[in-house]
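# Survey of secondary and tertiary structure
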Amino acid sequence: MKPGDLISQHFRLTSTQLSALRRLGVQRVRDLLYHFPARYESGGASSSTSQLAVGANITLFGTLSKLKARKLWKSRRNATEGYFEDASGKVKVMWFNQPYIASYVPQGTLVKLTGTVGGSAERPYIANPEVEATPAGFVPEGLFASGESARAPSIFAVYPETRGITSKWFFHALERIFANDVLTTLDDPIPSAVRERYNLPDLATALVWIHKPEKQAHAEVARKRFAFEEIFALQIARARERADNDTQSSFAILKGAELADTFLRSIPFPPTPAQARAIKDILADFEKHHPMARLLEGDVGSGKTLVAAATAYAAVNSRPPNRMSGNLQVAYMAPTEILAGQHFQSFIEYFKDLPISIGLITGSGCKKFPSKVARDSATDISRAQLLKWVAGGEIAMLVGTHALIQKSVKFQHLAYAIVDEQHRFGTRQRRALAQKETSYPHFLSMTATPIPRTLALTLYGDLDISILDELPPGRAKITTEIVKKDERDRAYEKIREHLARGEQAYVICPRIEEPDPQKINAIQAKSVKAEAKRLKKDVFPEFEIGLLHGAMKPAEKDEVMRAFAANEIQILVATSVVEVGINVPNATVILIEGAERFGLAQLHQLRGRIMRSSKPPHCFLLPETSGETSMKRLRALADSDDGFKLAEADLEARGAGDLYGRKQWGITDLGMDALKNIKLIRAARAEAAAIVEKDPSLAGHPALLARVAHGESLHGE
Ligand code: ADP
Ligand code: MG
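Residues numbered from 1 in each chain as written. Chains lettered and ligands numbered in written order. Predicted model: local features only at pLDDT ≥ 70, side-chain atom pairs only at ≥ 80, totals over all residues. Heavy atoms only, no water.

## Considering the pattern of salt bridges
As enumerated under the stated definition, the model contains 32 salt bridges in all. A salt bridge links Glu-593 to Arg-488; the shortest N-O distance between them is 2.8 Å. Placement of Glu-593 in strand 23 (residues 587-593) and of Arg-488 in helix 16 (residues 488-500) is noted, with a sequence separation of 105 residues between them. The partner of Glu-493 in a salt bridge is Arg-496, and the shortest N-O contact between them spans 3.2 Å. Of the two residues, Glu-493 and Arg-496 both sit in helix 16, three residues apart, roughly one turn of that helix. (Salt bridge = Lys/Arg side-chain N within 4 Å of Asp/Glu carboxyl O. Helix = DSSP H or I, 4+ residues; strand = E, 2+ residues; numbered from the N terminus.)

Now the structure itself:
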C-alpha cells in the first residue's frame, strides 16, 4: 500500500461509502490519513453491572432485552422497563414518559448505555439512560489477535458526521493503513529543525496520535502539529508570492512626500495621525524599485479614500523614468458599479482644485473629468475614446469595476493600482493588472472589514499592513440600542423623528422571502419583501419605501441605490447586501431585524452605513430570541465601536469559520482554530520566511513543496 494509491484499490467499498468518501474529498490513502477526527470520546466502559454504586454516573457496553411499556397504576405515567446485560451480569433499566422507546432502541445487539444508578445497593436500576446504537469507535474484545493493540484504547476518534460512512469504518481502515507500513514511506513536510524548536511530533507519530490516541494529551499534541503544518504551508505559499513580487520591477516614485503635501494642503482638513502614517508607509514603498504589496485596513469612515487620493496624486504627478514629459498612471478598482461611481465622485471632489484628469469605466458606460466645457464636472464619453486616452496617458487616473482589468484596457505607464474591498485579490489578478510592460504596478488593497491580526497575517501573509485605527474628528458618536420585543413601537417613533428631519433609514432583514410554511425547519425570520409591505401599510405610510436584496438584477439594484441616494426613497428595506461600502451620508438610522443571526463584524459593517456624517446616528438591534450568548454578543456591539476589538471578540466566541466563510479561504477547522493562537501564527510565519529566503524554489524541501501545492489547491486560487 502506498500513500498515493486509490482507497478503492485496497478496500472493498459499497457505492454509498464510495460517494460519502468522494463528498469528503477522500480518494487516496494519503487523503484518508489527512481526514482528521472532529472530536474524541472516552469509549471504554467506565463500569460493569457487577459493581454499580448508587448515584454514580456510569457507561456500560452490553445488550438490552425484554423491554416492555406499561402504565404505572398510581401516577398513570408511562414507563418502559427491561434488562441490560454485560459479561458480568444484569441490571434493571427503566424509562419514564418515553412510551415508544422500546420500538427504537435495538434489543439484542451491542449498545452503549450511559446514565445514573438509582435504587438501592441490593436492588439497583438505571433510570432514563441514554442509548447509543453503534458506539463510536468501540472495539469489541478479541478484534486484535495479539500483542500491544489487543488492549482497547480508552479514547476514540469521532469523525465529522457524513451519511454512509461511520467513525468505525475510519477506525478500521486506518488500522489497516497503519499495519501496512504506509507511515514509514511518508516524508515529513515540516523540517526536523522546525519540529524540534516547537516540540512537534513527526508526521508518522502525529498521524497515529491524531487518529488512534492512547490518551487525550497525544491527540492534542498531534492536532497542534497539524494546525501548525497547515498555517506553515499557507505562510510558505504567501512568502513565496512575496518573494516573487520582490523580484519584479516597478516605477520608483521618488518625490512622493513633496507631492502628497501639495495635495494635503489643498483640502480643507488635516489628515488624522493614522492617515498620515499610512501615507508615509506607502510613499516609502514607492521609492523602492520593486512593487509595493500592501493592505490598508481601516474601519468604516476612517478615511481610506483620502490615503488613496494623496498617494495617487503623488503617482500621477511623477514622470516615467528618463522622460521629460508624460506622467505615471493610477488604476482604482471597486467591487460594484455603484461604488465605482461613488469613488469617481469622491476623487473629483478631492482633486477639483488640482490639475488631474480622471476616467470612469464600468459595464454600463464611461465618463471623464474634467469635461471640456465645464471645469468642475464630468461628461459621458465613449468607451473607445476613453481607452484611447488611457493608452495615450492623457487620462492619468482610471476608476472602474472589473471592467478595468480587461485586456482591451491598456495603460501607457500604470504605476499604481488600488483595489477596494476585493477580499482575495490574489497574485494572479495582480498579474493581470501588470501590463505587457516589464513594470509591475505598486499594489494597495483596501478593506473596511476589520480582520483579527492572526487572520490577516495568515490570509494576507504576502502583504504589508497599514492600519487606520482612528476616525476623523468631529463624528457624532453612534448610539446602539438593543430593543426588546414590546419596545418596537418606540424604535419606530425614533426613526420617524430622523425621517422628519429629512434624514433616511435602513431596515435590515435576514431573509429575502417569507419561509415556506410547509417546511417546519425553515428559519422563521423576517423577510425583506413582507417587511417592506408591512412597514408601508402599517407603520410608515407617509414615506417612500424601497427594496434591495441579492436576488435582484444588477440594474435593478443600481436603480434602487440611485433613488435612495437622491432621497426619492426614505426607507431602504434590505438584506445584508448593503454591507459593502454603500455611502449615503444622509442615512442616519438603521434598524436590524433578527440581529442575533449576524456576526458581530457583519453587524458592525451594517452599522457603518450610518456613520458617515456629522449628524448623530442611531442603530436599533431587534433580536428574535433572547438567549444569553446572543444577548452578550449584541451587548458587546452596543458597548464598543471599535471594529478590530469586535472582530477579535467574534473570533473568540464563534470561531473564524462562521465569520469569514472558511470555505472561501480553503482553511480547515483545525487551521481556523489555530487562528486563535497568535504565538503559533507568528512562529509559523517566521519559520516560513526563513525557509523561503534561503530556498525560494523549495528545491531542498520536496515534501514541503508538495504540501504547499496541496494546500493551494484547496485554497482555490
Ligand atoms: P472609508 O474608510 O470608509 O472609505 P472615506 O474615505 O469614505 O472612509 O471617508 C469618510 C468620510 O470622512 C468622508 O466624507 C471624508 O471626506 C471624511 N474624511 C476623511 N478623512 C478626514 C479627515 N482627516 N478629517 C475630516 N474628515 C475626513
Ligand atoms: Mg471607502
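Still to come is the rest of the account.
## Some thoughts on the site of ligand 1
Close to ligand 1 lie 17 residues; Gln-275, Gly-301, Lys-304, Thr-305 and Arg-475 are nearest. Separating an oxygen atom of ligand 1 from a backbone N or O atom of Gly-301 is a distance of 2.7 Å. Interatomic distance of 2.7 Å between a side-chain N/O atom of Thr-305 and an oxygen atom of ligand 1. The element best represented in the shell around ligand 1 is helix 11 (residues 304-316), accounting for three residues. When its residues are assigned to classes, the shell around ligand 1 shows seven nonpolar, six polar and four charged. (Near = heavy atom within 4 Å. Polar contact = N/O pair within 3.5 Å; in protein donor to acceptor, adjacent residues only side chain to side chain. Nonpolar A, V, L, I, M, F, W, Y, C, P; charged D, E, K, R; others polar.)

## A few points about the packing of helix 11 against helix 12 (residues 337-351)
Direction vectors running N to C along helix 11 and helix 12 enclose 60 degrees, while the axes themselves pass 11 Å from each other. In terms of orientation, helix 11 lies oblique with respect to helix 12. The interaxial crossing formed by helix 11 with helix 12 has right-handed handedness. Between helix 11 and helix 12, the residues in contact are Thr-305, Leu-306, Ala-308, Ala-309 and Tyr-313 and His-343, Ser-346, Phe-347, Tyr-350 and Phe-351, respectively. Its residues placed into classes, the contact of helix 11 with helix 12 shows seven nonpolar, three polar and no charged. (Axes fitted to C-alpha atoms, helices over the stretch in contact; angles between N-to-C directions. Parallel < 35°, antiparallel > 145°, perpendicular 65-115°, else oblique. Left-handed = near helix turned anticlockwise from the far one by under 90°. Contact = heavy atoms within 4.5 Å.)

## Thoughts on unusual backbone geometry
With an omega of -10 degrees, the peptide bond between Phe-369 and Pro-370 qualifies as cis. Structurally, Pro-370 can be placed in the loop between strand 12 (365-369) and strand 13 (379-381). Phi is positive for Asn-199, which is not a glycine, with a value near 55 degrees. Counting through the fold element by element, Asn-199 comes out in the loop between helix 6 (192-197) and helix 7 (203-211).

## Describing the side chain of Gln-605
Position of Gln-605 relative to the elements: it lies in helix 19 (residues 600-608). Assessed through its relative accessible area of 5%, Gln-605 is described here as buried. A polar contact is formed between the side chain of Gln-605 and the backbone oxygen of Ala-448, at a distance of 2.8 Å. (Buried < 20%, exposed > 50% of the residue type's maximum accessible area, 1.4 Å probe, protein only.)

## Overview of the environment of Gly-119
Locating Gly-119 in the fold gives a position in strand 5 (residues 111-119). Of the residues examined, Gly-119 reaches a relative accessible area of 40% and is grouped as partly exposed. Remark: the alpha-carbon pair of Gly-119 and Ala-53, spanning 66 residues in sequence, is separated by 9.9 Å. Ignoring any residue separated from it by four or fewer positions in sequence, one finds Gly-119 in contact with Val-54 and Tyr-125.

## What about the sheet that holds strand 2 (residues 57-71)?
Pairing in this closed barrel of five strands is mixed, and the strands run 2-3-4-6-5 around the ring. Between one strand axis and the next, the sheet turns by 50 degrees as a mean value, whatever way the strands run. Across three bridges, strand 4 (residues 89-96) lies against strand 6 (residues 124-132) in parallel orientation. Bridging across to strand 6, Val-93 finds its partner in Ile-126. (Pairing = 2+ DSSP bridges.)

## Remarks on the sheet that holds strand 14 (residues 397-400)
Here we have nine strands laid out as an open sheet, ordered 13-12-11-14-10-15-17-9-18, and mixed in their pairing. Each edge of the open sheet carries a strand with a single partner, namely strand 13 and strand 18 (464-468). The sheet shows a mean angle of 20 degrees between the axes of neighbouring strands, direction not considered. When strand 9 (residues 293-298) meets strand 18, the two strands line up parallel, connected through five bridges. Note on strand 18: the bridge partner recorded for Leu-296 is Ser-466. Here helix 13 (residues 383-392) sits on the sheet in contact with strand 10 (329-333), strand 11 (358-362), strand 12, strand 13 and strand 14, set at roughly 130 degrees to strand 11.

## Details of the environment of Pro-355
Here Pro-355 shows up in the loop between helix 12 and strand 11. Separated by 42 residues in sequence, Pro-355 and Tyr-313 place their C-alpha atoms 9.9 Å apart.

## Things to note about the side chain of Thr-458
Mapping Thr-458 onto the fold places it in helix 15 (residues 453-459). In contact with Thr-458, other than residues within four places in its own chain, are Ile-231, Leu-234, Gln-235, Arg-238, Leu-675 and Ile-681.

## Overview of the packing of aromatic side chains
For the structure on display, the rule yields 18 aromatic pairs. The interplanar angle of 65 degrees and the centroid separation of 6.0 Å between the aromatic rings of Phe-263 and Tyr-350 together place this pair among those described as edge-to-face. Placement of Phe-263 in helix 9 (residues 256-266) and of Tyr-350 in helix 12 is noted, with a sequence separation of 87 residues between them. Both residues of the pair, Phe-263 and Tyr-350, count as buried. Ring centres of Tyr-492 and Phe-540 lie 5.7 Å apart, and the angle between their planes is 85 degrees; this geometry places the pair in the edge-to-face category. Linking Tyr-492 in helix 16 with Phe-540 in the loop between helix 17 (528-539) and strand 21 (545-548), this pair joins segments that are 48 residues apart in sequence. One exposure class covers both Tyr-492 and Phe-540, and it is buried. Put simply, the rings of Phe-263, Tyr-313, Tyr-332, Phe-347, Tyr-350 and Phe-351 touch in pairs and so form one group of aromatic residues. Positioned above the aromatic ring of Tyr-83, the side-chain terminus of Lys-90 is 5.3 Å from the ring centre. (Phe/Tyr/Trp six-rings, centres within 6.5 Å; stacked < 30°, edge-to-face > 60°. Lys NZ or Arg CZ within 6 Å of the ring centre and 35° of its normal.)

## Some details on the confidence of the model for the protein chain
Any residue range with low pLDDT should be treated as having predicted coordinates unsuitable for detailed reading. Residues with a pLDDT of 70 or more make up 90% of the protein chain, whose mean pLDDT is 85. Confidence scores differ between elements of the protein chain, with helix 22 (residues 656-660) showing the lowest mean pLDDT of 49 and helix 10 (residues 273-286) the highest of 97. pLDDT under 50 marks residues 519-524. Its contacts with residues more than four places away, or in other chains, come to nine contacts. (pLDDT = per-residue confidence, 0-100.)

## Some words on the pairing of strand 15 (residues 414-420)
Among the seven residues in strand 15, seven count as buried, and that is most of the element. Bridge analysis of strand 10 against strand 15 gives five bridges, and the strand direction is parallel. Within strand 15, the position partnered with Ala-331 by the bridge is Ala-417. For strand 15 and strand 17 (residues 442-447), the ladder comprises five bridges, and the chain directions are parallel. Across the sheet, Tyr-416 pairs through a bridge with His-442, a residue of strand 17.

## Things to note about helix 5 (residues 167-179)
With 13 residues, helix 5 extends 18 Å from end C-alpha to end C-alpha; this agrees with the ideal 18 Å at 1.5 Å per step. Among the residues of helix 5, Ser-167, Trp-169, Phe-170, Phe-171, Ala-173, Leu-174, Glu-175, Ile-177 and Phe-178 are the ones counted as buried. The first or second residue beyond helix 5 is Asp-181, which carries a positive phi of 65 degrees. (Expected span 1.5 Å × (residues − 1).)

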